[in-house]
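Architecture and fold: a report
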Amino acid sequence: MIRISEYDYPLADERIAKYPLAERDHSKLLVYRDGVVSEDLFYNVGDYIAPQSLLVYNNTRVIPARMVFHKDTGARIEVFCLEPLSPRDYQLSLSSTTGCTWKCMIGNLKKWKSGVLSNGVLHAERIATTGNTHEVRFTWDDGNVSFAQLLDMAGELPIPPYLNRDTEESDKTTYQTVYSRIKGSVAAPTAGLHFTEKVLDDLRGRGIQTTELTLHVGAGTFQPVKTEDADEHTMHTEIIAVPRRAIADVRDNIGHIVAVGTTSMRTLESLYFIGEQLRNGSAGEVIHVGQFEPYEGEHPMPVAEALGAILEYLDHTGQETLHAETQIMIKPGYTFRVVEQLITNFHQPKSTLLLLVSAFVGGDWHTIYNYALAHDFRFLSYGDSSILNRRR
């Protein structure tokens, strides 16, 4: 049992960064290695990464997923797109010119009992409900424009709820990483917000390689753990896409992998279990890593063999990119197989992301967060950064 109450700390509202710094790479950087904490500025992050390391970042781009519709009565209905259902593929859904269905959250649901809503460019019909989410079918009259284009016209960028403010024009730039390019997230992979082209050039100049993958961040990343036993919390499922080149790069650099953010971490660690499934013949038609799969049974397969199995699978199926789903829960007791260093922001109390950090630093998260609180670090999405070395 993991008591979530043991992963709490006092986070006053004034410690939450409501806006980013004017210069992304001038945020503070906490450095953690073997129980020792120091600090620097983010633009010096290359000083703490060994040459020939492989830096892996998430290239997802946040979409304007929040839309407002009005009934004839004037009632205001907010529809927040979470993930595509039909077509299931993000790119196919966003490029559709004929209609698509998404899993959504709906604000002021009691006012939308039935019927089709319109916001001037899109029509929305609620067709099913599962728990607190809903299937919404979107259609539109102009067959020359895509769903992505219509979102750009009618949607709003969904900044985190804990910022307690409306989205502003500046967020359209500051809430995207400089390397974002694959549309699909409803929340930014915020560890990457500190990077600039200058920082990336500096890293490459030091002999540090870079590669990219895609995990579209869902609203579940903000879902608090409401059960006292963290194991009773249900992790959200997220869709990942990892190019063949990135998988080969990771395989060839095991022992020197730096993950930019928890989304990259979850994807990289999931690759091991995907390879294991493929090698053992247990992968389903939709490749899926379960929440507790890492903790069930023995996992003796070498990492290189697991990653090699993915490359063989891609060769056999003629694919250039691995597409899969992960529900992996990284918590204290997890055995890391891929990632050696993690660049990440400071996370909410009682969150699954704090459990992940604790697992990575051998339970020593208090040392890190106490230092950050005592030294005026800024917290959460627009806050400061850290580079953590895995503690064995």
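Just so you know, these numbers come straight off a predicted model, no measurement behind them. (Residues numbered from 1 in each chain as written. Predicted model: local features only at pLDDT ≥ 70, side-chain atom pairs only at ≥ 80, totals over all residues. Heavy atoms only, no water.)

Enumeration according to the criterion identifies 26 salt bridges in this entry. Of the charged contacts, one joins Glu 39 and Lys 28 as a salt bridge, the two residues approaching to 3.6 Å between their closest N and O atoms. Here Glu 39, found in strand S2 (residues 36-41), pairs with Lys 28, found in strand S1 (residues 28-33); they are 11 residues apart in sequence, far enough to count as distant. Asp 171 is paired through a salt bridge with Arg 165; the nearest N and O atoms lie 2.9 Å apart. Here Asp 171 and Arg 165 have matching classes, each one buried. Linked by salt bridges that have partners in common, Arg 66, Arg 76, Glu 78 and Glu 156 make up one network. (Salt bridge = Lys/Arg side-chain N within 4 Å of Asp/Glu carboxyl O. Helix = DSSP H or I, 4+ residues; strand = E, 2+ residues; numbered from the N terminus. Buried < 20%, exposed > 50% of the residue type's maximum accessible area, 1.4 Å probe, protein only.)

All right, on to helix H4 (residues 197-205) then. Residues Val 199, Leu 200 and Leu 203 constitute the buried set of H4. Down the axis of H4, the buried side of the element spans an arc of 100 degrees, and every buried residue falls inside it. Summarising the geometry of H4, the exposed residues directed more than 90 degrees from the buried face are Lys 198 and Gly 205. At its buried positions, H4 is contacted by strand S3 (54-58). After H4 finishes, the residue Gly 207 shows a positive phi value of roughly 90 degrees. (Arc of directions from axis to C-beta. Contact = heavy atoms within 4.5 Å.)

Along the chain, the position of Asp 315 falls in helix H7 (residues 303-317). When the C-alpha atoms of Asp 315 and Val 116 are compared, they prove to be 45 Å apart, with 199 residues separating the residues in sequence. Polar contacts involving the side chain of Asp 315 include one to the side chain of Arg 244, which spans 2.4 Å. (Polar contact = N/O pair within 3.5 Å; in protein donor to acceptor, adjacent residues only side chain to side chain.)

We now examine the sheet that holds strand S16 (residues 321-326). Read across the sheet, 10 strands follow the order S2-S1-S18-S17-S14-S3-S12-S13-S16-S15 without closing on themselves; strand pairing throughout is mixed. The open sheet has two edge strands with one neighbour each: S2 and strand S15 (288-289). (Pairing = 2+ DSSP bridges.)

Here the focus is the environment of Leu 55. Take Leu 55: it is sitting in strand S3. The class for Leu 55 is buried, based on a relative accessible area of 0%. Residues Leu 55 and Ile 343 lie 288 residues apart in sequence; the distance between their C-alpha atoms is 9.7 Å. Here Leu 55 is in contact with Ile 49, Phe 195, Leu 200, Leu 203, Ile 208, Gln 209, Thr 210, Thr 211, Val 258, Val 260 and Ile 343, once residues within four sequence places are set aside.

What follows covers the packing of aromatic side chains. This model, assessed by the stated rule, comprises 22 aromatic pairs. Both rings, one in Phe 346 and one in Tyr 369, keep their centres 5.5 Å apart while their planes meet at 80 degrees; by these two values the pair is edge-to-face. Here Phe 346 is found in the loop between strand S17 (341-345) and helix H8 (352-360), whereas its partner Tyr 369 is found in helix H9 (residues 365-374), with 23 residues between them in sequence. Phe 346 gets classed as buried once you look at its relative accessible area, which sits at 1%. On the basis of relative accessible area, Tyr 369 is assigned to the buried category, the value being 2%. Members of the aromatic cluster, each reached through a chain of ring pairs, are Tyr 7, Tyr 9, Phe 346, Trp 365, Tyr 369, Tyr 371, Phe 377 and Phe 379. The ring of Tyr 295 has Lys 331 sitting right over it, with the charged end atom 4.6 Å from the ring centre. (Phe/Tyr/Trp six-rings, centres within 6.5 Å; stacked < 30°, edge-to-face > 60°. Lys NZ or Arg CZ within 6 Å of the ring centre and 35° of its normal.)

Coordinates in, geometry out; function isn't part of it.
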